[in-house]
Protein chains: 2
Amino acid sequence: MASILDVARAAGVSASTVSNVLNGRHGRMQAETRARVLQAIEELGYTPNALAQQFKSGRNRTIGLIVPSVANPFWGALAHKVERAATALGYKVLICNAERDPQQEARYAETLLSSGVRGVIFSSSPLTFDHIAHLVRRGLVVAAFDRRGQGAEEVVACSVSVDNELGARLAGQHLVGLGHRRIGFLSGPIRTSSRAGRLDGLRAAMAKAGLALDPALVWQGAGIGGYGDTEGPELGRIGIRELLSRDDPPTAVVTVNDMYAMGAYAGARDLGASIPGDVSIVGFDDVDLAAVVHPALTTVRQPLAVMAEASVGALIRVLEGTDAGQEAHVSAMPQLIVRASTAPPKQGS
Amino acid sequence: MASILDVARAAGVSASTVSNVLNGRHGRMQAETRARVLQAIEELGYTPNALAQQFKSGRNRTIGLIVPSVANPFWGALAHKVERAATALGYKVLICNAERDPQQEARYAETLLSSGVRGVIFSSSPLTFDHIAHLVRRGLVVAAFDRRGQGAEEVVACSVSVDNELGARLAGQHLVGLGHRRIGFLSGPIRTSSRAGRLDGLRAAMAKAGLALDPALVWQGAGIGGYGDTEGPELGRIGIRELLSRDDPPTAVVTVNDMYAMGAYAGARDLGASIPGDVSIVGFDDVDLAAVVHPALTTVRQPLAVMAEASVGALIRVLEGTDAGQEAHVSAMPQLIVRASTAPPKQGS
DNA sequence: GTGAAAGCGCTAACAT
DNA sequence: ATGTTAGCGCTTTCAC
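Residues numbered from 1 in each chain as written. Chains lettered and ligands numbered in written order. Predicted model: local features only at pLDDT ≥ 70, side-chain atom pairs only at ≥ 80, totals over all residues. Heavy atoms only, no water.

Chain A has the name HTH lacI-type domain-containing protein in an unreviewed UniProt entry, where Inquilinus limosus is given as its organism.

Structure follows, in structure tokens:
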């Protein structure tokens, strides 16, 4: 592998001149010199050793993205959009699966940090930031995506989230407006601020209509161990079956995300219940598939592209110190997309 | 940030001794010295600068994974399993979206290489390897996942794929056995070896039964530009509508992957056609959702976990030079999972 | 058993 | 306008 010295020799200049060419410091040399260097680079097929560059400069145009699981299309889509936004700004993205495990999240963050990545986007995961506070002290810049937590102020440099509470409230209002009075909530373990917010929102919407959310209708995957890979469809399927088997079952269910909703479709069918005839379902996220499944899913849309761009932009601004006092915390508006999985409850329920 | 020198000073030893401790070269020092060093490390909260380590040693326990799009759950699941397998072997994974664009694929590979990543898994993408051949000359080790191509011998160090041709043949045989005679193939642009193999397999199965695959029933997203983000469900939905609107429509359709199949569900419903009553659908991949949608999807399963482990293992073996002449090219067996989306054709078709 | 010293490839003062 | 020089933090001979 050709090094900067080889290029320098070939062009008959010094290494620093080559470095200057490489780093766009024109004006510090004659056009003719520049041309010679460029030609030498071309001929030798030289590429700078990025490792050495980073090592030396301490900076590297890479950010990290920690997601619960790329196997969920919502996070896959986020990764996709984050990558696109970062690429546009000349940054690369390292994607890591933390599996909703604080330990693993901290481990990845540490790895990233000691690989020279200073900025990391943490997406929905544990409720606190305690486990990464020490890394912040060591220079890690953290952006929170759809996540709030205790001690966040000291740890988080910028954050972007959808208003989860509002989103779920919209879902709840829609259902209440349709005439539902027994509404369930279907989720995996509620260990993230976004999940907690969604539950709260539903409760608030019901309260406003003088209804109480029956704790027996809040299913949170309790008692299921090692759900790592079955997160989503499988849990949704199991959960709704339990919910519908209660003495006084719900006539509508809000799910914590679209994957649970799709699982709920399957679970309801397992019991011979029709959607929305026997039970209405509202999802959250609005993944591509939500419009495709049958019946098309009523769901709360997160403006994903906007959120991805905002978090990447904010993070990079902080990293580059060009923050200029812009507000670093944005809350995106969710939107209820009414499709075919919701309807008034059956008479007599 | 504490450096190795700080530790050395604190422990009253030299930097090289600390390095030896760090790199597990015990036996080269007294237990007592080792203990002192360890304690100093602990006290200072020292972590080696991974960048400097890599820079110096030229080695870094990181592999790259280039996928068409993490937004497709199949690739998301692959990324997940690859990461798991790599982690178990002490490696990290950088995931990149190439968007099925050879240019972008080459760009990422180059970035990876100059960041010190020597081993990269390329998953299904362009038909040839020409665009990365020059990188191989510069030291890149490439593993091909579900991908064959021209010039592969010289470029690819190891490969893992499912037998796509066989998989599609199983699908075709199943359909033929059910009595179908007009079978369509629904795909996006066929620019990958895996897609080409699937089409061939279907054709072969039909040929064996004395049937010809009508070119008019092979839909490949022709004429659609900028389909980047709509890959999958959207194309499937559009495609099947066109297929079912032909003069002599198919009674069964094999789709290139499960996302297309789910799109096909929606498209068929758009036209009021029922599955499998009016048209049978077979998918490919067997993503989690395949068992969840309604009707549950008959599909060709790829043994994903096995394939992920095999490619990571083979790649790392090559990287570490412990290949020991083991066969570096494995072909995994696909399996037809018959569920509810296939049935005999209607009488009179 | 432990330390000294030489770099890895690049950048950035500082000279010229 | 260009070259010289001194490291960045670590690993790794090679002495002692």
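Caption draft 1: How the structure looks around the protein's contact with DNA strand D. The environment of DNA strand D is formed by 25 residues, the closest being Ser-14, Gln-30 and Thr-33 of chain A together with Ile-4 and Tyr-46 of chain B. The sugar-phosphate share of atoms of DNA strand D within 4 Å of the protein amounts to 62%. A distance of 3.4 Å separates a phosphate oxygen of DNA strand D from a polar atom in the backbone of Gly-27 of chain A. With respect to DNA strand D, the side chain of Thr-33 of chain A contributes an N or O atom lying 2.6 Å from a phosphate oxygen. Of all the secondary-structure elements, those providing two or more residues to the surface near DNA strand D are α2 (15-22) and α4 (50-57) of chain A together with α2 (15-22) and α4 (50-57) of chain B. In terms of residues, the surface near DNA strand D owes the most to one element, α4 of chain B, which gives four residues. When grouped by side-chain class, the residues that make up the surface near DNA strand D number eight nonpolar, 13 polar and four charged. (Near = heavy atom within 4 Å. Polar contact = N/O pair within 3.5 Å; in protein donor to acceptor, adjacent residues only side chain to side chain. Helix = DSSP H or I, 4+ residues; strand = E, 2+ residues; numbered from the N terminus. Nonpolar A, V, L, I, M, F, W, Y, C, P; charged D, E, K, R; others polar.)

Caption draft 2: Layout of the interface of chain A and chain B. Taken together, the contact pairs 49 residues of chain A with 49 residues of chain B. Of the roughly 4100 Å² buried where chain A meets chain B, counting both sides, 57% is carbon and sulfur surface. Our count for the contact surface shared by chain A and chain B stands at zero salt bridges. On inspection of chain A and its partner chain B, the count reaches 14 residue pairs in polar contact (both at pLDDT 80 or more). Where the side of chain A that touches chain B is concerned, the elements lending two or more residues are α4, α5 (73-88), β2 (92-97), α6 (102-114), α11 (233-244) and α12 (258-270) of chain A. No other element matches the eight residues that α5 of chain A contributes to the side of chain A that touches chain B. Residues that form the side of chain A that touches chain B fall into these classes: 24 nonpolar, 14 polar and 11 charged. (Contact = heavy atoms within 4.5 Å. Buried area = accessible area lost by both parts, 1.4 Å probe. Salt bridge = Lys/Arg side-chain N within 4 Å of Asp/Glu carboxyl O.)

Caption draft 3: Here's a closer look at helix α13 (residues 304-320) of chain B. Residue and element names in this part refer to chain B. Between its first and last C-alpha, α13 extends 24 Å over 17 residues, near the 24 Å set by a 1.5 Å rise per residue. Looking only at α13, the buried set comprises Leu-304, Met-307, Ala-308, Ser-311, Val-312, Gly-313, Ala-314, Leu-315, Ile-316 and Leu-319. Taken together, the buried residues of α13 touch β1 (62-67), α5 (73-88), β3 (119-123), β4 (141-145), β5 (156-162) and β11 (329-332). The first or second residue beyond α13 is Gly-321, which carries a positive phi of 70 degrees. (Expected span 1.5 Å × (residues − 1). Buried < 20%, exposed > 50% of the residue type's maximum accessible area, 1.4 Å probe, protein only.)

Caption draft 4: Looking closely at the relation of the copies chain A and chain B. The operation relating chain A to chain B is a screw motion whose rotation component is 180 degrees, with 0.1 Å of axial translation and a residual RMSD of 0.1 Å. Taken together, the rotation and translation relating the two chain copies correspond to the operation of a two-fold axis. Most of the interface of chain A is mirrored in chain B, where 100% of its interface residues are also at the interface. (Least-squares fit on C-alpha atoms with pLDDT ≥ 70 in both.)

Caption draft 5: A look at the protein's contact with DNA strand C. Around DNA strand C, a shell composed of 25 residues is seen, among which Ile-4 and Tyr-46 of chain A together with Met-29, Gln-30 and Thr-33 of chain B lie nearest. Residue Ser-19 of chain A places a side-chain N or O atom 3.0 Å away from a phosphate oxygen belonging to DNA strand C. It is α4 of chain A that contributes the most residues to the surface near DNA strand C, four residues altogether. Its residues assigned to classes, the surface near DNA strand C comprises eight nonpolar, 13 polar and four charged.

Caption draft 6: Layout of the UniProt feature "domain: HTH lacI-type" (unreviewed entry) in chain A. Taken from the UniProt record, the annotation "domain: HTH lacI-type" (unreviewed entry) applies to residues 2-57 of chain A. Across residues 2-57 of chain A one finds 68% helix and 0% strand; the C-alpha atoms that close the span lie 20 Å apart. (UniProt positions renumbered as here; feature names shortened; annotations may be inferred.)

Caption draft 7: How the structure looks around the sheet that holds strand β6 (residues 183-186) of chain B. All names here are of chain B. Spatial strand order, β7-β6-β8-β9-β10-β12: six strands in an open sheet with mixed pairing. Every other strand in the sheet has two partners, leaving β7 (218-219) and β12 (335-337) as the edge strands with one partner each. Relative to strand β10 (residues 298-301), strand β9 (residues 280-285) runs parallel, the two sharing four bridges. Along β10, the bridge assignment pairs Val-282 with Thr-298. With respect to the sheet, helix α10 (residues 193-208) is in contact with β6, β7, β8 (252-255) and β9, its orientation differing from that of β6 by roughly 175 degrees. Sheet contacts for helix α12 (residues 258-270): β6, β8, β9 and β10; angle to β9, the most-contacted strand, approximately 155 degrees. (Pairing = 2+ DSSP bridges. Axes fitted to C-alpha atoms, helices over the stretch in contact; angles between N-to-C directions.)

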